[in-house]
Amino acid sequence: MKNINLNFYLNLSFLNFKNMYKYFIFFFCVFSLSFSHQQTTETFFFDGLEREYIVYIPASYNATTEFPLLFSFHGGAGYASDFIQTNDMRPIADTANFIAVYPQGAIDPEGGTTSWIHKAPTNHDDIFFIEAIIDALSLEYTIDQSRIYACGYSEGAILSYELGCRLNSKIAAFAAVSGSMLEDYYRNDIYGWGACSPVHPTGVMLIPGTVDQSPHSTYEGLSYGDMPLYMSVDDITSYWSNYNNTDINPIVTNVEDSAPNDGSTVERKRWLNGDNCSSVQELKVIGGDHDWPGSFGNMDINATQEIWNFVSKFDTNGLIDCGFDSSIQDLNFTEKKIVKIIDFLGRETFNFSSIPVLFIYDDGSVEKNFKL
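Residues numbered from 1 in each chain as written. Predicted model: local features only at pLDDT ≥ 70, side-chain atom pairs only at ≥ 80, totals over all residues. Heavy atoms only, no water.

J.: Can you lay out helix α8 (residues 303–311) for me, pointing to particular residues and giving the numbers?
T.: Where burial is concerned, most of α8 is hidden: 9 out of the 9 residues are buried. Within α8 the residues assigned to the buried category are Ala303, Thr304, Gln305, Glu306, Ile307, Trp308, Asn309, Phe310 and Val311. Its side-chain oxygen placed 3.0 Å from the backbone nitrogen of threonine 304, asparagine 302 serves as the N-cap of α8. (Buried < 20%, exposed > 50% of the residue type's maximum accessible area, 1.4 Å probe, protein only. Helix = DSSP H or I, 4+ residues; strand = E, 2+ residues; numbered from the N terminus. Polar contact = N/O pair within 3.5 Å; in protein donor to acceptor, adjacent residues only side chain to side chain.)

J.: Provide a residue-level description of helix α5 (residues 155–166), including the pertinent values.
T.: Between its first and last C-alpha atoms α5 spans 16 Å; for 12 residues at 1.5 Å apiece the expected length is 16 Å, and the two agree. Looking at α5, one finds that the buried residues are Glu155, Gly156, Ala157, Ile158, Leu159, Ser160, Tyr161, Glu162, Leu163, Gly164 and Cys165. (Expected span 1.5 Å × (residues − 1).)

J.: An account of the confidence of the model for the protein chain is needed here, citing residue identities and associated values.
T.: Scored by pLDDT, the protein chain comes out at a mean of 87, with 82% of its residues at no less than 70. With pLDDT under 50 throughout, residues 20–34 is counted as low confidence; its partners more than four residues away or in other chains account for 6 contacts. Below a pLDDT of 50 lies the segment residues 331–335, which in the model reaches 11 contacts outside its immediate sequence neighbourhood of four places, other chains included. (pLDDT = per-residue confidence, 0-100. Contact = heavy atoms within 4.5 Å.)

J.: Requested: an account of the sheet that holds strand β2 (residues 49–57), with residues and values cited.
T.: Hydrogen bonds between backbone atoms are what pair the strands of a sheet, whose relative direction is either parallel or antiparallel. Read from one edge to the other, the open sheet built from 10 strands follows the order β1-β2-β4-β3-β7-β8-β9-β14-β13-β12, with strand pairing classed as mixed. Because the sheet does not close on itself, it has two edges, and the strands there are β1 (38–46) and β12 (251–254). Adjacent strand axes in the sheet meet at a mean angle of 15 degrees when their direction is disregarded. Examined bridge by bridge, strand β3 (residues 67–73) and strand β4 (residues 99–103) share 3 bridges and lie parallel to one another. In the strand pairing of β4, leucine 70 is matched with alanine 100. The strands touched by helix α7 (residues 233–244) within the sheet are β8 (173–177), β9 (203–207), β13 (265–271) and β14 (280–286), with β14 carrying the most contacts at an inclination of about 165 degrees. On top of the sheet, α8 reaches β3, β7 (143–153), β8, β9, β13 and β14; it is set at about 165 degrees to β9, its chief contact. (Pairing = 2+ DSSP bridges. Axes fitted to C-alpha atoms, helices over the stretch in contact; angles between N-to-C directions.)

J.: So what about the environment of glycine 297? Which residues, and what values?
T.: Mapping glycine 297 onto the fold places it in the loop between β14 and α8. With relative accessibility at 32%, the residue glycine 297 sits in the partly exposed group. Glycine 297 sits 88 residues away from glycine 209 along the chain, and the two C-alpha atoms are 9.5 Å apart. Not counting residues within four places of it along the chain, the set of residues in contact with glycine 297 comprises Asp262 and Asp291.

J.: Give a description of the state of the cysteines that names residues and reports values.
T.: Across all of its chains, the model carries 2 disulfides by this definition. Shown here is the disulfide that connects cysteine 277 with cysteine 322, its sulfur atoms set 2.2 Å apart. A torsion of 65 degrees about the S-S bond marks the disulfide between cysteine 277 and cysteine 322 as right-handed. You can see cysteine 277 sitting in the loop between β13 and β14 and its partner cysteine 322 sitting in the loop between β16 (318–319) and β17 (338–343), a full 45 residues away along the chain. What makes cysteine 277 buried here is its relative accessible area of 10%. For cysteine 322, a relative accessible area of 36% corresponds to the partly exposed category. When the cysteines of the protein chain that form disulfides are numbered from the N-terminus onward, they connect as 1-2, 3-4. (Disulfide = S-S within 2.5 Å.)

J.: Break down empty space enclosed by the protein for me, with residues and values.
T.: Taken as a whole and assessed by the stated rule, the structure comprises 3 cavities of 30 Å³ or more. Its boundaries defined by the atoms lining it, the largest cavity holds a volume of some 70 Å³. Along the walls of the largest cavity sit 14 residues, with Gly179, Ser180, Leu206, Pro208 and Val233 positioned nearest its centre. Listed by contribution, the elements that provide at least two residues to the lining of the largest cavity are β8, β9 and α7. (1 Å grid on protein atoms, 1.4 Å probe; cavity = no way out; pocket = protein on both sides within 12 Å on 5 of 7 lines; lining within 4 Å. Points joined across faces, edges and corners; volume = space filled by probe spheres on them.)

Listed below in structure tokens is the structure:
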């Protein structure tokens, strides 16, 4: 009788072990699809040069779900490792579920500094470098190919415009801060890149300063003699609003002057009702210089938050919810719910009566809140 009981318990233990093993394999497979957040610097050889980029994968990443991709480009003579502090998309990526990428510009032999638009004549063209990064990340991660975005500062803003012009089939929407768009003369006759040629309705945001005196960022544009080089802000908004077939006249509102001592104010101009509900938005920083609002310069807005709140609404077809709302697409006043409140160090908080905090909404958008 004892032998029978012993065999019975041995068999039962073996069955339990097999079941536990099955559960272990199941949970291992499930959790292996998820990541804790990670930031790495990737390198590869492209066009004879060793190039690199920083990639941030949020903790929410899951290989069974397609994640959007957002590129951020530093300015001329800048570095990705510094710009990620100025335009820190990581806290937003953690809640809005996208992958943030910070490519590094190559050294321009003519100037000896990092640059996206090398001095002409040159065969260097970073449009293809960015395309190669998209291809590389698409092999490693599950990327939503309809929701790839770009933004940049100064010369990085110029590259963002170029991506909107010449890699438009892959770029759903983009934003440019303190940087202009090349005139066709500059693009064609000097660089030989051809005219700006978008292929789908494209969301465009620009954040220029009216007293920016950087040659490639002035509000009025720049010509050298009879050679037009950089477009004025009015010409940029006219180009993209005409292309998107938006309303002719923008809706203009004043942003609250929440930081009255920063020496500037902000006017929001929105060209709405374009093809597939596309739109163009200008955040005109009146009195603003060559700045990144929210990090330095104007503090009434946070360029990082504004950019994600805008571009995330679009895919390569246009506004994602086109036709769902009323005929006038107001991208700033849609109903949404707060899912988390964090302080500027990224810590969740419930006491926000006297400290600046960020409201994280269920659509992935972020808003700054500060009550005195």
